[in-house]
Amino acid sequence: SSGINAEYGEAYARTLELLREKRADVVKVAEALLSKEVLTKEDMVAMLGERPFGEKTSYEDIVADTGSEMEDNTGFSVPAGLRGLADQLEKERKKTAAKKS
């Protein structure tokens, strides 16, 4: 129990530190939400810039290196109709981004 409390305390302290460090960005987002109920990814990029890390677009990317049992999907088979969907969506995203440039 004390180990969990210590982890909770560390996470809480790190959260407060991040909020203080990113206060200006938090204020930007809060002010935008007051004037516009829903923010799109494009809105966020315009306010905060591109993400400093790559975007995860597949389930495998999301759970990779989490140490979760969900990470092991060796017995899982993607239905035939969905195979290649991630690649297709990525191509469409790039095409849309290129048109905007």
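That block above? That's the structure.
Computed from a prediction, not measured in an experiment: that's the story for all the values here.

Engineer: For the packing of helix α2 (residues 23-35) against helix α3 (residues 41-48), give the residues involved together with the corresponding values.
Structural biologist: Running from N to C, α2 and α3 cross one another at 140°; their axes reach a closest spacing of 10 Å. As the angle between them shows, α2 and α3 are arranged oblique. In this structure, the crossing between α2 and α3 has a hand that is right-handed. Residues Asp25, Lys28, Val29 and Ala32 of α2 touch α3, and the partners they reach there are Met44, Met47 and Leu48. Along the lines of polarity and charge, the residues of the contact of α2 with α3 split into 5 nonpolar, no polar and 2 charged.

Engineer: Give a description of the pattern of salt bridges that names residues and reports values.
Structural biologist: Taken as a whole and assessed by the stated rule, the structure comprises 6 salt bridges. In this structure, the salt-bridge partner of Glu17 is Arg14, at a minimum N-O distance of 3.0 Å. With Glu17 and Arg14 both in helix α1 (residues 2-21) and 3 residues apart, this pair spans about one turn of that helix. Arg14 gets classed as partly exposed once you look at its relative accessible area, which sits at 39%. Here Glu21 ties to Lys22 by a salt bridge, and the two come within 3.9 Å at their closest N and O atoms.

Conventions we followed
- One numbering rule holds for all chains: residues counted from 1, following each sequence as written.
- Given that this is a predicted model, residues contribute local features only at a pLDDT of at least 70 and side-chain atom pairs are listed and counted only at 80 or more, while totals for whole chains, interfaces and linings are drawn from all residues.
- Side-chain measures were taken over the full set of non-hydrogen atoms in the model, leaving aside hydrogen atoms and water.
- As a rule, the C-alpha atoms of each element are fitted with a line to give its axis, helices using only the stretch in contact, and angles between N-to-C directions run from 0 to 180 degrees.
- What counts as a helix is a DSSP run of H or I of at least four residues, what counts as a strand is a run of E of at least two, and both are numbered from the N terminus.
- These descriptions rest on fixed angle ranges, namely under 35 degrees for roughly parallel, over 145 for roughly antiparallel, 65 to 115 for roughly perpendicular, and the rest for oblique.
- Crossing handedness is read from the near helix: turned anticlockwise from the far helix by less than a right angle, it gives a left-handed crossing, and turned clockwise, a right-handed one.
- Note on contacts: a residue pair qualifies if any of its non-hydrogen atoms lie within 4.5 Å across the two residues.
- Lys, Arg, Asp and Glu make up the charged group, whereas Ala, Val, Leu, Ile, Met, Phe, Trp, Tyr, Cys and Pro make up the nonpolar group; the residues left over, Gly among them, are polar.
- By convention in these notes, a salt bridge is any Lys or Arg side-chain nitrogen within 4 Å of a carboxyl oxygen on Asp or Glu.
- Only protein chains enter the calculation, and the probe is 1.4 Å; a residue is then buried if its accessible area is under 20% of its type maximum, exposed if over 50%, and partly exposed in between.

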